[in-house]
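Coordinate inspection notes
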Amino acid sequence: MRILVVEDEQILQDQLVEKLKHAGYVVDAAGDGEEGLYYGREYDYDAAVIDLGLPKLDGIDLITTLRNEKRSFPVLVLTARGHWQDKVHGLEAGADDYLTKPFQMEELLARLNALMRRAAGHASPVLREGELQLDTAKKEVRVEDALVELTAYEYKVLEYLMMNASRVVSKTELTEHLYDQDFDRDSNVIEVFVGRLRKKLEPINPIRTVRGQGYRFNVETTA
Ligand code: CA
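Okay, so let's go over this structure. (Residues numbered from 1 in each chain as written. Predicted model: local features only at pLDDT ≥ 70, side-chain atom pairs only at ≥ 80, totals over all residues. Heavy atoms only, no water.)

Below, the discussion takes up the coordination of the calcium ion. Within the protein, the calcium ion binds to Asp-8 (OD), Asp-51 (OD) and Gly-53 (O); these donor distances fall in the range 2.2 to 2.4 Å. All donor residues of the calcium ion come from one chain, and their arrangement in sequence is D-x42-D-x1-G. Residue Asp-51 is classed as buried on the basis of its relative accessible area, which comes to 4%. (Donors = N, O, S within 2.8 Å, 3.2 Å for Na, K, Ca; no water. Buried < 20%, exposed > 50% of the residue type's maximum accessible area, 1.4 Å probe, protein only.)

Mapped onto the fold, Glu-7 is located in the loop between strand 1 (2–6) and helix 1 (10–22). Among the residues examined, Glu-7 registers a relative accessible area of 0% and is labelled buried. What Glu-7 contacts, discounting residues up to four positions off in sequence, is Leu-12, Gln-13, Leu-16, Ala-30, Gly-31, Asp-51, Leu-54, Leu-78 and Lys-101. (Helix = DSSP H or I, 4+ residues; strand = E, 2+ residues; numbered from the N terminus. Contact = heavy atoms within 4.5 Å.)

Next up on the list: the packing of aromatic side chains. What the rule picks out here adds up to six aromatic pairs. Aromatic side chains Tyr-153 and Phe-193 sit 5.6 Å apart centroid to centroid with 20° between the ring planes, which places their arrangement in the stacked category. Placement of Tyr-153 in helix 6 (residues 152–163) and of Phe-193 in helix 8 (residues 187–201) is noted, with a sequence separation of 40 residues between them. The class of Tyr-153 is partly exposed, set by a relative accessible area of 26%. Overall, Phe-193 belongs to the buried group, its relative accessible area being 11%. We note Arg-2 situated over the ring of Tyr-43; from NZ or CZ to the ring centre the distance is 4.4 Å. (Phe/Tyr/Trp six-rings, centres within 6.5 Å; stacked < 30°, edge-to-face > 60°. Lys NZ or Arg CZ within 6 Å of the ring centre and 35° of its normal.)

Before going further, it helps to examine the pattern of salt bridges. This structure, assessed with the given rule, holds 15 salt bridges. A salt bridge links Arg-67 to Asp-96, with the shortest nitrogen-to-oxygen separation between them at 3.0 Å. Residue Arg-67 is found in helix 3 (residues 59–68), and its partner Asp-96 is found in the loop between helix 4 (84–93) and strand 5 (97–100); the two are separated by 29 residues along the sequence. Residue Arg-167 is joined to Glu-173 by a salt bridge in which the shortest nitrogen-to-oxygen separation is 2.7 Å. Its relative accessible area of 15% is what places Glu-173 among the buried residues. Taken together, the shared-partner salt bridges connect Glu-7, Glu-9, Asp-51 and Lys-101 into one network. (Salt bridge = Lys/Arg side-chain N within 4 Å of Asp/Glu carboxyl O.)

Laid out in structure tokens, this is it:
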């Protein structure tokens, strides 16, 4: 999952990036609204954390512009204490949730997780498809109730495919959403992860290969 952080307070931006990366997300950080808009147009994010008080282009204008351009990823806004009107303006501009500074990183992570889940149509933190369960809070996967030991990247591949279950996901898209820019972007790596994942998920086989296009999550078995 790839997340955009737009925050001009450098210390807070660094903390956000560190926590989000530690939680397994790919993160791009911008220090002003214009840079945030550049990133927002450049990549298809799974969510964004946007401070409302930003230089060059303020948070409200940034969100309004992104929404006008049909960028629909979930947005969590950060507001200053005592500025309750900001929350209203942020939500009216198209934000999905807000946090007032100062906040606990654990709360930010929980809210982001919930936003991305709901955007993917899942009300519960545990995604269930047939005999497969994926717990987005604990980052645990079970098949027929038995815990499956996955590496962090195998988990991320499965989570991303489940979150986007209604469509085909290309290897390029998986790479963009799961790896930092400095990671060696080799689509063969994705094939290796998917291959290992399939083995570990047996006897079910929820990941279909769509020739020339990518992968599609589907638990139904075809005869
Ligand atoms: Ca600020």
